[in-house]
Amino acid sequence: MTGKKFFFSKIKVQKQLYIIYLTAILVPVVLIGGYLVYSSRSLLMERYEELAYADNLRVKALFLDITSNIYNRAKTLSCDTELLRILSTDYRSKAQAALDVDSYAGFYNILSQDISIQQIQVYTYNETVPQNGQICHITDETRRQSWFVRASRSASPFWSCKGVSDDFGNDAVSLCLYSRIFLPKKNSYAVLCMTLSNNHMKNRLENSSLYTVMWLKDEEIFYRSSRTSPQYDGVTTFIPDANETDTGLVELGGEKMIGCVSTFLASYSHNLFYIASLNSGGYAYIQDITYMYVAILLLIIFATSFFIYLFSRYFSRRVIALREAMHHASLGDYFVSDNYSGEDEISDAFADLNIMIQDILHKEASIYEAQIRAQLLENQQQRMEFKMLSSQINPHFLYNTLETIRMRSIKAGCLEVANAIKLLGKSMRYVLQNTATSFTTLQKELDYIETYLAIQKLRFHDRVNYSLKIRTVIDLKEYSIFPLLLQPVVENAIIHGLEDVEENGRIIIHIRMREGKLHIIIFDNGCGMTLEEMDRMRENMRNHPKESAKSIGLSNIYHRIQLYYGDAYGIKVQSKLHFGTAVTLVLPAPESMP
């Protein structure tokens, strides 16, 4: 006992309660409950398997009775002397042949007495015997049928499937017994075909809630309880060995069923049948019962765990709360809850801690407010200095000054300098006018780009040549665009694309409609890029590093387009080393266009 007390004295009270709960409640409940769930599930599975097995035996017995009856009927017809006489006679008179055939009542007697037979047909080589509903001549098409080939090679009766139409005109599959009728007088034979009635089988077999499926080996299904369940076709893949029965879970069409699949060997025909009895709702019911038991078990565990948690929390929360508050205060986190109530010593200690924290917070707040006031004063001073500097730069003063310099250059005969000043003034006017605006027209943006390129032409001479191609019917004066959207792309083409070009450098701006979108293509015939450089450029454009200044212009343009127009628009980059680079801005088409 001393050792146990010493052991528990090293563990907190809340953990002691958890250990007791785990060993005394949780583990027994899980073990016993799990065993009950497993045993109940196994028992239900066993009962459903027994039910499927019993129903399979019932169907097998009924099917044996039906097939044996048809075989006996076929044997009777094969030995009918009147039928043998008609089939063996070479009639010279059609009237006599028709009289003999019409007066023969063997087919009618069997069909009227036995409802399990849907149709009787006899195929004969004797063409002097007239055809009717039961007697048919063997034609070339008949000889090509698989059942006739098999009948001509084997003297034993056999079963096979045949496609038929039911009373409502729907396609169906019927089971047929084929048997040879020997004609010793003619040293020949005829083939008897007796078709099993599907309605009779349905009336005999469908006496339970299970689905029944039957098929011949290597042939299709000839009977199923439900015509509206095509997934049962997959049951033909579950084939047991001869004279064996498989019982258990069968998965068809994504649905699990409890079923029994057995074989049935017809001794007189050597045909191997497969009979499946399937319970579509049994497994779902077992699953529902399992889920219900598991839910009850989880509810018990949750309820007991919840009450144990409340009980342990009742004992330990006061000490834990005080310890956590002191720990947070030691780390500089002073936001401690002050709703701890009580009249014991722990409550008094917590109240003293709160008083100390409030005092610290008050002092820190005073220091923080002083810092904010100092920062606000510094910001205000900086804004005043900026306004003073801004007021000294008057745009009109700048334009007038540039115009004065241009006029003096003209008087001095420096026309190239005058032209350069004119272009610079025009460019600066556009930039200053559109800095605070959200949109401008595509025409104004292109005019600015031409001015910008003209300035670059003055700087680099034959290194920079440019042209504008417009293949679209849009009105450039009506189409709105972000201001200064094209300039960074053109500047990038001159600085990087034509960097190594000494002469005949070219910038081509091509505007056209494609796939219902406006494409503005800016092409340079410069050095181009490798695939790695192009991929790196695209990545920097989409996810530009904050610490890098490279490709920031393209990145800004790309994100401005996508933020405003959506992910379907943006920038495409195509390049080939030593051939040049094409940057395409993809924008929405004008709303007025079709």
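Residues numbered from 1 in each chain as written. Predicted model: local features only at pLDDT ≥ 70, side-chain atom pairs only at ≥ 80, totals over all residues. Heavy atoms only, no water.

Peer 1: Looking at this structure, I do not really get the side chain of Gln456. What am I missing?
Peer 2: Considering the arrangement of structural elements, one finds Gln456 in helix α13 (residues 442–460). Gln456 gets classed as buried once you look at its relative accessible area, which sits at 6%. The contacts of Gln456, once residues within four sequence positions are left out, are His461, Val464 and Ile494. (Helix = DSSP H or I, 4+ residues; strand = E, 2+ residues; numbered from the N terminus. Buried < 20%, exposed > 50% of the residue type's maximum accessible area, 1.4 Å probe, protein only. Contact = heavy atoms within 4.5 Å.)

Peer 1: I tried to follow the sheet that holds strand β5 (residues 188–196) on my own but got confused; where do I start?
Peer 2: Paired through their backbone hydrogen bonds, the strands of a sheet run either parallel or antiparallel. Overall, mixed pairing links the 5 strands, which are arranged β2-β1-β5-β4-β3 in an open sheet. Of all strands in the sheet, those bounded by a partner on one side alone are β2 (135–137) and β3 (158–165). Adjacent strand axes in the sheet meet at a mean angle of 35° when their direction is disregarded. Of the strand pairs in this sheet, β3 and strand β4 (residues 171–183) are connected by 8 bridges, and their pairing is antiparallel. Bridge assignment links Phe158 to a residue of β4, and that residue is Tyr178. Sitting on the sheet, helix α3 (residues 81–88) touches β1 (117–124), β4 and β5, and the angle it makes with β4 is about 80°. This element, helix α5 (residues 106–113), spans β1, β2 and β5 of the sheet and lies at about 160° to β1. (Pairing = 2+ DSSP bridges. Axes fitted to C-alpha atoms, helices over the stretch in contact; angles between N-to-C directions.)

Peer 1: So what exactly am I meant to see when it comes to unusual backbone geometry here?
Peer 2: Note: most residues except glycine have negative phi, and most peptide bonds are trans. Positive phi values are uncommon outside glycine, yet His461 reaches one of about 55°. Turning to its location among the elements, His461 is positioned in the loop between α13 and β12 (465–471). Judged by its relative accessible area of 48%, His461 falls in the partly exposed class. One non-glycine residue, Leu484, adopts positive backbone phi at about 60°. Take Leu484: it is sitting in the loop between β13 (480–481) and α14 (487–497). Judged by relative accessible area, which is 23%, Leu484 ranks as partly exposed.

Peer 1: Help me understand the packing of aromatic side chains in this model?
Peer 2: Between two aromatic rings, the relevant description is the distance of the centres plus the angle of the planes. Scanning the entire structure with this criterion turns up 23 aromatic pairs. Arranged with centres 5.6 Å apart and planes meeting at 75°, the rings of Phe63 and Phe264 form a pair that is edge-to-face. You can see Phe63 sitting in helix α2 (residues 13–78) and its partner Phe264 sitting in strand β9 (residues 255–265), a full 201 residues away along the chain. Ring centres of Trp159 and Phe273 lie 6.3 Å apart, and the angle between their planes is 70°; on these two criteria the pair is classed as edge-to-face. Here Trp159 is found in strand β3, whereas its partner Phe273 is found in strand β10 (residues 272–279), with 114 residues between them in sequence. (Phe/Tyr/Trp six-rings, centres within 6.5 Å; stacked < 30°, edge-to-face > 60°.)

Peer 1: I'm lost on helix α8 (residues 198–205) in this one. Help?
Peer 2: What sets the pattern is the α-helix's 3.6 residues per turn: residues three or four places apart point alike. Within the span of α8, buried status applies to Asn198, His200, Met201 and Leu205. Viewed along the axis of α8, the buried residues span an arc of 160°, placing them on a single side of the element. (Arc of directions from axis to C-beta.)

Peer 1: Explain the sheet that holds β10 here, please?
Peer 2: With antiparallel pairing, 5 strands are arranged side by side in an open sheet as β7-β6-β10-β9-β8. Looking at the sheet topology across the chains shown, the edges are occupied by β7 (221–224) and β8 (245–252). In this sheet, adjacent strand axes meet at a mean angle of 25° when their direction is disregarded. With 6 bridges joining them, strand β6 (residues 211–216) and β10 adopt antiparallel strand pairing.

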